[in-house]
Amino acid sequence: MFSNDFLMGLLRAEHIVVFTGAGISAESGIPTFRDAQTGLWEHYDPHALASPTGFIADQALVWGWYEWRRMQVLEAAPNDAHYAIAELASFVERLTVVTQNVDDLHERAGSCGVTHLHGSLHHPRCFDCGSSYAFPSGLPEEPAGGRRLEPPRCSECQGAIRPGVVWFGETLPSSAWEIAEQAAMACDVFFSIGTSGLVRPASQLPERAKLHGAKIIQINATSTPLDSQVHYNFQGRAGEILPALLQ
Ligand SMILES: CC(C)NC(=O)[C@H](Cc1c[nH]c2ccccc12)NC(=O)[C@H](CCCC/N=C(/NCCC(=O)O)S[C@H]1O[C@H](COP(=O)(O)OP(=O)(O)OC[C@H]2O[C@@H](n3cnc4c(N)ncnc43)[C@H](O)[C@@H]2O)[C@@H](O)[C@H]1O)NC(=O)OCc1ccccc1
Ligand SMILES: [Zn+2]
């Protein structure tokens with residue numbers, strides 16, 4: 001599967017960026033955005049739920065959706081793709097993980113300094129004053145009827161607590177975007193793993209890296225707009241391809 005010059009190129013790399021999307025958590029049982037709307041949430045547009053307008057329109061529906069997703073993440077475990085990335089970091093000089101995912105599976109697999117471009121399910125805050133909110137320990141309460149759950153109230157201003165994620169129409173945390181852009185422009189190898197590459201500005205990172213001379217490697221179960229841009233394209237499941245890389 002991997003040519004010698006591919007492997008030599010990798011081991012000679014000074015700085016590797018690993019850019020991931022929902023596809024890397026699929027083998028941990030976390031539905032991707034594309035197939036998130038299965039069963040319970042089948043008839044809900046994820047972009048509508050993942051937006052300030054969606055929250056203002058129906059706080060309990062949106063909070064219920066995010067508690068359902070947080071429950072899945074708490075009950076899930078990293079898969080071999082997450083572990084392979086954590087292990088790869090020990091073979092190379094510098095490795096930066098940049099993810100669009102709001103789960104903590106990279107960290108639970110041992111990756112350090114993971115940059116979350118779109119926030120995290122584990123850091124909620126007040127919609128009005130921004131004060132942080134600490135979840136009670138244990139699993140989230142099962143939303144009644146599986147969907148609606150009133151969000152908790154802020155202890156500072158009684159405002160509604162919102163998920164600590166970046167919603168559509170919201171700008172990315174400038175510090176996270178800064179780190180991701182700098183890493184993409186400085187790296188010599190850029191992996192794009194498990195992402196359909198349709199959401200901006202994150203989707204601009206691979207081409208930014210290529211413009212600055214990096215070798216672009218895609219690992220994805222299906223073809224994406226990146227196919228024609230990359231130097232190496234491995235179509236398949238990340239949980240099978242990445243561990244094979246380290247054999
Ligand atoms: C949909 C898209 C067109 N929209 C955008 O890009 C918009 C900008 C925009 C607005 N209108 C537009 C019109 C045209 C173009 C762009 C826009 N972007 C924004 O709004 C961003 C904010 C974007 C962040 C939104 N938040 C997320 N997540 C957090 C929340 C939450 O999670 O609930 S995005 C969310 O969706 C994206 C899903 O994509 P993927 O991760 O790639 O997942 P997907 O399911 O799509 O694909 C999975 C892939 O894995 C593969 N796969 C599956 N299994 C495996 C497997 N086992 N192994 C390997 N691969 C596998 C599959 O084949 C598939 O290819 C991720 O980024 C994820 O984080 N902010 C912004 O631009 O601010 C400035 C601004 C402000 C005001 C107005 C204008 C601009
Ligand atoms: Zn508040």
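Numbers given to residues run from 1 along each chain, matching the order in which its sequence is written. For this description, chains carry letters from A and ligands carry numbers from 1, given in the order in which they are written. Per-residue local features are limited, in this predicted model, to residues with pLDDT of at least 70; the limit for side-chain atom pairs, both in listing and counting, is 80 or more; totals at the level of whole chains, interfaces and linings are taken over all residues. Excluded from the side-chain calculation are hydrogens and water; included are all heavy atoms of the structure.

1. A few points about the coordination of the zinc ion (ligand 2)
The following threshold applies: Metal coordination here is assigned from N, O and S atoms located within 2.8 Å of the ion, or within 3.2 Å for Na, K and Ca; omission of water means that sites may look incomplete. Only four donors with every angle between 85 and 135 degrees are called tetrahedral; only four or six donors with opposite donors over 155 degrees apart and all others between 65 and 115 are called square planar or octahedral, in that order; all others are irregular. Categorising residues by exposure relies on relative accessible area from a 1.4 Å probe, with only protein chains included: less than 20% of the type maximum marks a residue as buried, more than 50% marks it as exposed, and the intermediate range marks it as partly exposed.
Looking at the zinc ion (ligand 2), one finds its protein donor set to be Cys126 (SG), Cys129 (SG), Cys154 (SG) and Cys157 (SG), positioned 2.2 to 2.4 Å from the metal centre. Given four donor atoms and angles of 99 to 119° at the metal, the environment of the zinc ion (ligand 2) is assigned as tetrahedral. Between consecutive donor residues of the zinc ion (ligand 2), the sequence gaps follow C-x2-C-x24-C-x2-C. On the basis of relative accessibility, which here comes to 33%, the residue Cys157 falls in the partly exposed class.

2. Brief notes about the pairing of strand E1 (residues 15-20)
So the rule is basically this: Strands here mean DSSP runs of E at least two residues long; helices mean DSSP runs of H or I at least four residues long; both are numbered from the N terminus. Should DSSP find at least two bridges between two strands, the strands are regarded as paired.
Burial of E1 is extensive: six of the six residues sit out of reach of the surface. Across the two faces of E1 the burial is the same, with His15, Val17 and Phe19 and Ile16, Val18 and Thr20 all buried. Where E1 and strand E2 (residues 94-99) come together, six bridges link them in parallel fashion. By the bridge assignment for E2, Val17 is matched with Thr96. Relative to strand E6 (residues 189-193), E1 is paired through five bridges, and the arrangement is parallel.

3. Structural notes on helix H5 (residues 80-88)
So the rule is basically this: Any pair of residues with heavy atoms lying within 4.5 Å of one another is described as a contacting pair.
Along H5, the residues that are buried comprise Ala81, His82, Ala84, Ile85, Ala86 and Leu88. Looking at the buried positions of H5, the neighbouring elements they touch are E1, E2, helix H6 (105-108), E6 and helix H9 (238-245).

4. Examining the confidence of the model for the protein chain
As a reminder of what qualifies: pLDDT measures the predictor's confidence residue by residue and takes values from 0 up to 100.
Per-residue confidence for the protein chain gives a mean pLDDT of 92; residues scoring 70 or more make up 93%. Both confidence scores are given for the complex: pTM 0.95, ipTM 0.97.

5. Some remarks on the sheet that holds strand E8 (residues 232-235)
Read across the open sheet, the six strands follow the order E3-E2-E1-E6-E7-E8; overall the sheet is parallel. With one partner strand each, in any of the chains shown, strand E3 (115-116) and E8 form the two edges of the open sheet. Alignment of E2 against E3, held across two bridges, turns out to be parallel. Residue pairing in the sheet places Thr99 in a bridge with His116 of E3.

6. What about unusual backbone geometry?
Cis geometry marks the peptide bond from Arg200 to Pro201; its omega dihedral reads -5°. In this fold, Pro201 is placed in the loop between E6 and helix H8 (205-211). One non-glycine residue with positive phi stands out, namely Gln158, at about 65°. Considering the arrangement of structural elements, one finds Gln158 in the loop between strand E4 (125-126) and strand E5 (161-162).

7. Points about the side chain of Thr32
Tracing the chain through its elements places Thr32 in the loop between E1 and helix H2 (46-49). If near-sequence neighbours (up to four positions away) are discounted, Thr32 is found in contact with Ala22, Gly23 and Ala26.

8. Details of the nonpolar core
What counts here: Remark: nonpolar core denotes a set of buried residues (Ala, Val, Leu, Ile, Met, Phe, Trp, Tyr, Cys) joined through side-chain atoms within 4.5 Å.
Judged by nonpolar contacts, the single largest core of 25 residues is most densely connected at Ile16, Phe191, Ile193 and Leu242. Apart from the residues lying within four places of it in its own chain, the contact partners of Phe191 are Leu10, Ile16, Val17, Val18, Phe19, Leu88, Ile217, Ile219 and Leu245. With 20 residues, the next largest nonpolar core counts Ala184, Leu205, Ala209 and Leu226 among its residues.

9. Some words on the environment of Gly239
Within the secondary structure layout, Gly239 lies in helix H9. Excluding residues within four positions of it along the chain, Gly239 makes contact with Glu27, Asn79, Asp80 and Ala81.

10. Thoughts on the environment of Gly119
Following the sequence through the fold, Gly119 ends up in the loop between E3 and E4. For Gly119, a relative accessible area of 11% corresponds to the buried category. Counting along the chain gives 32 residues from Gly119 to Pro151, while the straight-line C-alpha distance between them is 18 Å. Setting aside residues no more than four positions away along its own chain, Gly119 makes contact with Asn101, Val102, Gly164, Val165 and Val166.

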